[in-house]
Amino acid sequence: MGVLQARLCPGLTQDMVQLLRSCGMKTVMDLVSADLEEFSAFPFSGTDLYEELKTSTAILSTGIGSLDNCSMLVSILEK
Amino acid sequence: MQRLSRPKALTFAHVVGLPGVAQGPQLLARLEGRSSLKEIEPHLFADEDSPVHGEILEFHGPEGTGKTEMLYHLTARCILPKSEGGLGGEVLFIDTDYHFDILRLVTVLEHRLSESSEEAIKHCLGRFFLVYCSSSTQLLLTLYSLETMFCSHPSLCLLILDSLSAFYWIDRVNGGESVNLQESTLKKCSQLLEKLVNEYRLALFATTQSIMQKTSNSAEGPSCAFNRQSDVDVDYRPYLCKAWQQVVKHRIFFSKQGDSKTSNQFSLVSRHLKSNNLKKHFFIIGESGVEFC
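Residues numbered from 1 in each chain as written. Chains lettered and ligands numbered in written order. Predicted model: local features only at pLDDT ≥ 70, side-chain atom pairs only at ≥ 80, totals over all residues. Heavy atoms only, no water.

**Quick notes on the interface of chain B and chain A**
Tallying the contact residues gives 38 residues for chain B and 24 residues for chain A. For the pair chain B and chain A, the two sides together bury roughly 2500 Å², of which 68% comes from carbon and sulfur. Where chain B packs against chain A, one counts 2 salt bridges. Across the pair Glu51 of chain A and Lys122 of chain B runs a salt bridge whose closest N-O atoms are separated by 2.7 Å. Inspection of the region where chain B meets chain A yields 9 residue pairs in polar contact (both at pLDDT 80 or more). Mapped onto the side of chain B that touches chain A, the elements with two or more residues apiece are helix H4 (67-79), helix H5 (102-112), helix H6 (118-125), strand E3 (128-132), helix H7 (136-152), helix H9 (179-199) and strand E8 (277-286) of chain B. In terms of residue count, the dominant contributor to the side of chain B that touches chain A is H7 of chain B (6 residues). (Contact = heavy atoms within 4.5 Å. Buried area = accessible area lost by both parts, 1.4 Å probe. Salt bridge = Lys/Arg side-chain N within 4 Å of Asp/Glu carboxyl O. Polar contact = N/O pair within 3.5 Å; in protein donor to acceptor, adjacent residues only side chain to side chain. Helix = DSSP H or I, 4+ residues; strand = E, 2+ residues; numbered from the N terminus.)

**A look at the packing of aromatic side chains**
All names here are of chain B. On inspection of all chains with the given rule, the structure shows 16 aromatic pairs over all chains. With a centroid separation of 5.0 Å and an interplanar angle of 55 degrees, the aromatic rings of Phe59 and Phe254 are classed as tilted. Here the residue Phe59 occupies a position in strand E1 (residues 55-61), and Phe254 occupies one in strand E6 (residues 250-256), the gap between them amounting to 195 residues. The pair Phe59 / Phe254 is uniform in exposure class, with both members buried. Taken together through their ring pairs, the aromatic side chains of Phe59, Phe205, Phe254, Phe266, Phe283 and Phe292 make up a single cluster. (Phe/Tyr/Trp six-rings, centres within 6.5 Å; stacked < 30°, edge-to-face > 60°. Buried < 20%, exposed > 50% of the residue type's maximum accessible area, 1.4 Å probe, protein only.)

**Description of the environment of Ala6 of chain A**
Along the chain, the position of Ala6 of chain A falls in the segment before helix H1 (14-22). Setting aside anything within four residues of it in sequence, one finds Ala6 of chain A in contact with Leu12, Thr13, Gln14 and Val17 of chain A.

Shown next, in the form of structure tokens:
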């Protein structure tokens with residue numbers, strides 16, 4: 001299988017070839033065999049996020065009702 | 001990565017009864033699950049120019065103008081079940097600013113469900129997926145790897161990216177003196193997003209920050225021409241790559257009304273780039289999320 005060279009495909013520039021070589025990918029086979037998912041982000045489901053929220057978060061009152069409400073309002077406005 | 005067949009092929013396979021191919025409800029979900037985005041927010045999208053699945057919309061504005069809250073609002077409307085006025089569809093939320101607040105989304109859902117039990121909340125959240133990206137390169141690779149997810153989730157109709165401009169200055173620095181190098185990763189992301197949106201009939205909502213001020217020179221740039229045509233003052237100066245400017249079909253400008261310290265009223269100007277139609281809307285942000293005035 002061919003050695004990776006610039007212009008082998010439209011996206012493969014000389015800089016890209018050098019970057020790939022620095023990561024140990026010198027041939028087309030090396031590139032195709034690489035597991036892209038290692039470098040991409042992993043999606044979390046909303047249910048898992050919610051479970052994590054419940055186990056890791058506690059809402060504490062300041063003891064002053066109006067201040068508690070004010071904090072929530074500030075949180076909404078910041079978004 | 002294996003490219004999977006499009007719905008048309010599935011239709012034929014379904015007719016001839018090939019084993020292992022999506023049958024009945026799954027096929028209908030693929031065809032119908034992405035067909036109802038006009039109903040996602042009638043205030044914004046119920047016109048003849050309203051975006052349907054397969055379009056790219058940009059939310060633009062300074063921080064604190066309600067862009068992310070609007071995304072939570074659209075997310076809630078999408079993932080709520082049809083019996084509760086939602087679409088029963090799935091949402092993929094890509095967070096590049098690392099400020100997604102699951103507690104805020106849960107609060108919005110609780111206020112909108114007729115019966116806000118934990119089971120109902122979890123049922124909605126089962127239709128929500130979140131991805132964090134810390135660089136434009138990771139964003140590009142993640143988009144490639146997410147193609148499998150779009151294939152395997154026929155009800156996934158809404159793709160959200162908050163925000164697309166998060167890596168702008170980092171990419172400028174990494175690209176050195178060459179503008180092409182600075183913009184190359186974002187250009188690839190834009191092209192890939194357009195391809196994914198068209199192939200899988202998604203709607204993409206992407207936010208961008210106002211990080212450039214409007215120029216004072218009235219003879220300069222397309223942004224000033226737009227401002228002259230409208231009777232609304234929109235502070236907009238395009239700074240992202242041309243590839244992104246070309247794929248956006250609909251741009252919505254957000255701003256805050258009144259005294260910024262006390263007001264919770266916001267406005268948005270919605271502009272369809274093809275027809276140049278402009279519409280202004282006002283909304284407030286309360287406990288239950290966005291409420292249009």
